[in-house]
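# Examination of the molecular architecture
Each chain, letter by letter, is given below.
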Amino acid sequence: MEMKSLSAIQNYTSAKPATTPADGEGGAGAALKGMVGDFAATLAKSEQVAQSTMMGNADPHALVQALAQTELAVETAVNVRNKVVEAYQEILRMPV
């Protein structure tokens, strides 16, 4: 009986580091932060192109491309938000 408990303790201590998050690796938080940064960069670039087009420094084709990229980024963000809300509502519906 004592050997089984000793083996269980050893297995637990060897498995525990695999479940603790590592500080340097990032994970889902770092991925989300990167996506938000990309989203903000896309919006900033589109705004810059729109201002350049209004001043006459950029061609209208670049403006159309920038607006299409912005529209796609906003639609993606809205879809992700909707999926998160749906998942949250589904969790709330689960019986306790």
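Structure's up top.
Residues numbered from 1 in each chain as written. Predicted model: local features only at pLDDT ≥ 70, side-chain atom pairs only at ≥ 80, totals over all residues. Heavy atoms only, no water.

### Topic: the layout of surface pockets
Once rolled over the atoms, a probe with the size of a water molecule shows which space is left empty. Put simply, the largest pocket is a space of about 290 Å³. Forming the walls of the largest pocket are L32, M35, V36, D38, F39, T42, A73, T76, A77 and V80. Mapped by element, the contributors of at least two residues to the lining of the largest pocket are α2 (28-55) and α3 (60-93). When residues of the lining of the largest pocket are assigned to their parent elements, the largest contribution, six residues, is made by α2. Of the residues that constitute the lining of the largest pocket, the class distribution is seven nonpolar, two polar and one charged. (1 Å grid on protein atoms, 1.4 Å probe; cavity = no way out; pocket = protein on both sides within 12 Å on 5 of 7 lines; lining within 4 Å. Points joined across faces, edges and corners; volume = space filled by probe spheres on them. Helix = DSSP H or I, 4+ residues; strand = E, 2+ residues; numbered from the N terminus. Nonpolar A, V, L, I, M, F, W, Y, C, P; charged D, E, K, R; others polar.)

### Quick word on the side chain of T70
As for its position among the elements, T70 is in helix α3. For T70, a relative accessible area of 15% translates into the label buried. (Buried < 20%, exposed > 50% of the residue type's maximum accessible area, 1.4 Å probe, protein only.)

### Brief notes about the packing of α2 against α3
Packing of α2 against α3 leaves a shortest axis separation of 9 Å and a crossing angle of 155°. Considering the angle they form, α2 stands roughly antiparallel to α3. Crossing angle aside, the handedness with which α2 passes α3 is left-handed. Residues F39, T42, L43, S46, V49, A50 and T53 of α2 pack against P60, A62, L63, A66, Q69, T70, A73, V74 and A77 of α3. Tallied by class, the residues present in the contact of α2 with α3 amount to eleven nonpolar, five polar and no charged. (Axes fitted to C-alpha atoms, helices over the stretch in contact; angles between N-to-C directions. Parallel < 35°, antiparallel > 145°, perpendicular 65-115°, else oblique. Left-handed = near helix turned anticlockwise from the far one by under 90°. Contact = heavy atoms within 4.5 Å.)

### What to know about a nonpolar patch on the surface
There is a patch of nonpolar side chains on the surface, built from L32, M35 and V36 and spanning about 310 Å² of accessible area. On the secondary structure map, M35 appears in helix α2. A relative accessible area of 53% means that M35 is categorised as exposed. (Patch = residues over 30% accessible without salt bridge, like charges linked within 9 Å, V, L, I, M, F, W, Y side chains within 5 Å. Areas by Shrake-Rupley, 256 points an atom, 1.4 Å probe, with all protein chains shown as cover. Salt bridge = Lys/Arg side-chain N within 4 Å of Asp/Glu carboxyl O.)

### With respect to α3
The end-to-end C-alpha separation of α3 is 49 Å, in line with the 50 Å expected for 34 residues at 1.5 Å each. Those residues of α3 lying buried are A66, T70 and A73. (Expected span 1.5 Å × (residues − 1).)

Note that all results are geometric; they support no functional claim without further evidence.
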